[in-house]
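# Coordinate analysis (summary)
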There are 2 protein chains.
Amino acid sequence: MSGVPTHWYNIAVDLPKPLPPPMDPYEGESRIALLNRIMPSELLHQEFTSLMYVPIPDEVREIYMRLGRPTPLRRARGLEKLIGNGVKIYYKFEGALPGGSHKLNTAVPQVYYASKDGAKEVATETGAGQWGLAVSIAAALIGIKAVVFMTKSSYLSKRQRVMFMRTYGAMVYPSPSEVTKYGVEAVKANPNHPGSLGLAISEAIDYVLQGEGRRYIPGSVLEFVLMHQTVIGQEAINQIPEEPDLVVGCVGGGSNFAGLTYPFIGAKLRGEGFEKTRFLAVESKAAPKLTQGRYEYDFPDSGGLLPMIRMLTLGHNYVPPPSHAAGLRYHGAAPSLSLLVKEGVVETRAYTQEEALEAGVLFARSEGIIPAPESSHAIRAVIDEARRMPKGSVILFNLSGHGLLDPDAYEKVNAS
Amino acid sequence: MSGVPTHWYNIAVDLPKPLPPPMDPYEGESRIALLNRIMPSELLHQEFTSLMYVPIPDEVREIYMRLGRPTPLRRARGLEKLIGNGVKIYYKFEGALPGGSHKLNTAVPQVYYASKDGAKEVATETGAGQWGLAVSIAAALIGIKAVVFMTKSSYLSKRQRVMFMRTYGAMVYPSPSEVTKYGVEAVKANPNHPGSLGLAISEAIDYVLQGEGRRYIPGSVLEFVLMHQTVIGQEAINQIPEEPDLVVGCVGGGSNFAGLTYPFIGAKLRGEGFEKTRFLAVESKAAPKLTQGRYEYDFPDSGGLLPMIRMLTLGHNYVPPPSHAAGLRYHGAAPSLSLLVKEGVVETRAYTQEEALEAGVLFARSEGIIPAPESSHAIRAVIDEARRMPKGSVILFNLSGHGLLDPDAYEKVNAS
């Protein structure tokens, strides 16, 4: 009776069309075979499961509870008052977790499954560092080593996250790094390469292939990552006292958006409620794959080491401009989310960083919490939507993280 | 039935001896008369109340709930395992509040009462910035302006807190500043003056006296501040499943320690439970008033603008060495806490910053949360005490804040 779900929800079984499976490219070695060498076996199993509900291991659930699940669902009465037209706004606060973001929801099971495989190290990529920090925390709690390749532009601007990853005991490399061939090649091609999430993925995989007892774990895009996040939406359905008209989340690869919305969307697709609920995915104009991407098979990483997945993508070599909302700079969106957008189940919207951070400051001053720059994109959409919705309408959004480790973003806003 | 207390608890009525009242010095104008000019009237009323329980205004209680009260009480199973002798450790997590510390518990009512007096601005001092940030948040939510004088050494090292205070809309001055005569005099005497909390208090008061519609509000030491914090301990008594053998907190001026322990101590003094419970107040060796101070009438501020209070003190002109746990650098301890120490009800202990931060890292890696450097002092004492307590013993401590805004402290630890 703790309020923490016992299972993760797998939307694959409820999608309007079958999910296009990961595919090997026509040439080169099999990426799917590679996955089997580098990833925890249970995660691959979950990637392709046909179960609607996948049980959460007791050890994982126990850590969820220790770290603060269920997270709070709160009413944003200050923001409501500011908007002033009688629309009700609820938010799920994933920033209440240590590390300050939703990323722990999947970091904990992924590190757990790696340790079950006997791994001594996990390696991963990170953009703004929310994911790297979550992996560092999970690895410390479970007792194995974390190695993080962090997009160089963020490594330089998000100093606090780098520092705290090290406090938790993790090894952190700026990407492009000197320890993998992909990093070395990228620097050769462009000595000022700012890094990209796709490149950092390739580096983490290469690192895993270089040694024994290492496993690669990803922070977003893969279906099991999204599935682990569905604890958010399952809790929200139990916590929210009324049916939302609109559910909003920001999208980097899609995991926090899916985490909140998929349990709602699944119920809607099965005809079990939420018939009138709309779903809005909000991205950064710095990486507008939902609004401007093509729906096609592409690599999740710039090195092309992972199997191709069918997704809305800007191309796996897309190098986004540096951005404070660095978690939203990824070139593609998860396959299930891409399909839901194509099928018209999920609406999309893109904002500039300035538009988002302005909303973030309004939220801070009316609700007391500094939002992550990523989450501020969702807040901007909430404000814009609320202004044109009728009195009594209900909005729910995912406050996927706080912004206390993003002083670089707010420093700019203060100065402007 | 929200679990948030309806009243604050006033320990004055349960103390073994009457609390020595604030006093005017023998010469100069009346400081008590000054207080009436600068502070919200209801706060002065509360400072001298003989009520055992003071009602929390509905508006304040509503904000408490919106911001995350009741805060979690958690079991530190990872830390227990690390210590490994079967002692049980619980902690109350005040870092779950926005701003990351317990300070909001008193910032909200103080700003509320200032606004009830018709004030347009509140002015205050801050050390590490936990208090200044809390006042900035409370002022944003309640809709008045905050002006913060921040100890210069912290202003330079705690950049994130300064920046976020401004994001919330506050005006922040390093102290000594150029806007008050006390600041100007201090710089004249010592051009490299690092600031002190006592000096910042004098500056804030002087600022209030310079204009209309301004009120001064203090972050610690005064009895009503400690009383506002008792929501922590009242919640903890309801939440903890077994009677603690030891309750621990760190002490700057005494407010987070009092907040957790006073409801327990009051019950013990009244013979209503917790007979075998010990109470341990932990300070920094950088400002060891509990272990080395004299028990006498002294000024709470270096300028001598406030009435004298009887307390354990190092002298109101004590200039502590710079420290990452800057919240523990105050020269005195609140009158009620000083009296409880003198009467042997509360035990004391002092640690160096290095001893504390080492414990902070252990806690981060075993429980997932980076503790505030201040709170790490309490953690150090918990670990040392737990190691010599028998199996099955129960410890409760106040994790008064998280350390995500104290990267300066952990950067040093990582490097060492």
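Above: the structure in question.
Okay, so let's go over this structure. (Residues numbered from 1 in each chain as written. Chains lettered and ligands numbered in written order. Predicted model: local features only at pLDDT ≥ 70, side-chain atom pairs only at ≥ 80, totals over all residues. Heavy atoms only, no water.)

## A word on the packing of helix H16 (residues 353-367) of chain A against helix H17 (residues 373-388) of chain A
All names here are of chain A.
- The interhelical angle for the contact between H16 and H17, taken along N-to-C directions, is 85 degrees, at an axis separation of 7 Å. In terms of their interaxial angle, H16 and H17 are classed as roughly perpendicular. Along the contact surface, H16 presents Gln353, Glu355, Ala356, Leu357, Glu358, Ala359, Gly360, Leu362 and Phe363, while H17 presents Pro373, Ser376, His377, Ile379, Arg380 and Ile383. (Axes fitted to C-alpha atoms, helices over the stretch in contact; angles between N-to-C directions. Helix = DSSP H or I, 4+ residues; strand = E, 2+ residues; numbered from the N terminus. Parallel < 35°, antiparallel > 145°, perpendicular 65-115°, else oblique. Contact = heavy atoms within 4.5 Å.)

## Focus on the interface of chain A and chain B
- The interface is formed by 35 residues belonging to chain A together with 35 residues belonging to chain B.
- In terms of surface lost to chain B, no three residues of chain A exceed Arg66, Arg365 and Leu404 of chain A, which account for 21% of the buried area on that side.
- The interface formed by chain A and chain B holds 2 salt bridges in total.
- One salt bridge in this structure joins arginine 66 of chain A and glutamate 367 of chain B, with 3.1 Å as the shortest N-O distance.
- Joining chain A to chain B, the criterion identifies 14 residue pairs in polar contact (both at pLDDT 80 or more).
- Mapped by element, the contributors of at least two residues to the side of chain A that touches chain B are helix H3 (58-67), helix H4 (77-83), helix H6 (130-142), helix H8 (159-167), H16 and helix H18 (407-415) of chain A.
- Partitioning the side of chain A that touches chain B into residue classes produces 16 nonpolar, 10 polar and 9 charged. (Buried area = accessible area lost by both parts, 1.4 Å probe. Salt bridge = Lys/Arg side-chain N within 4 Å of Asp/Glu carboxyl O. Polar contact = N/O pair within 3.5 Å; in protein donor to acceptor, adjacent residues only side chain to side chain. Nonpolar A, V, L, I, M, F, W, Y, C, P; charged D, E, K, R; others polar.)

## Focus: the sheet that holds strand E7 (residues 171-175) of chain A
Residues and elements named next belong to chain A.
- With parallel pairing, 4 strands are arranged side by side in an open sheet as E7-E6-E5-E8. On the outer flanks of this sheet lie E7 and strand E8 (214-216), each paired with one strand and no other. Each strand of the sheet is rotated relative to its neighbour by a mean of 20 degrees, with strand direction disregarded.
- Bridge count between strand E5 (residues 121-126) and strand E6 (residues 145-151): 6 bridges; the pairing is parallel. Looking across to E6, one finds that threonine 124 is bridged to valine 148.
- Running at roughly 165 degrees to E5, H6 makes contact with E5 and E6 of the sheet. (Pairing = 2+ DSSP bridges.)

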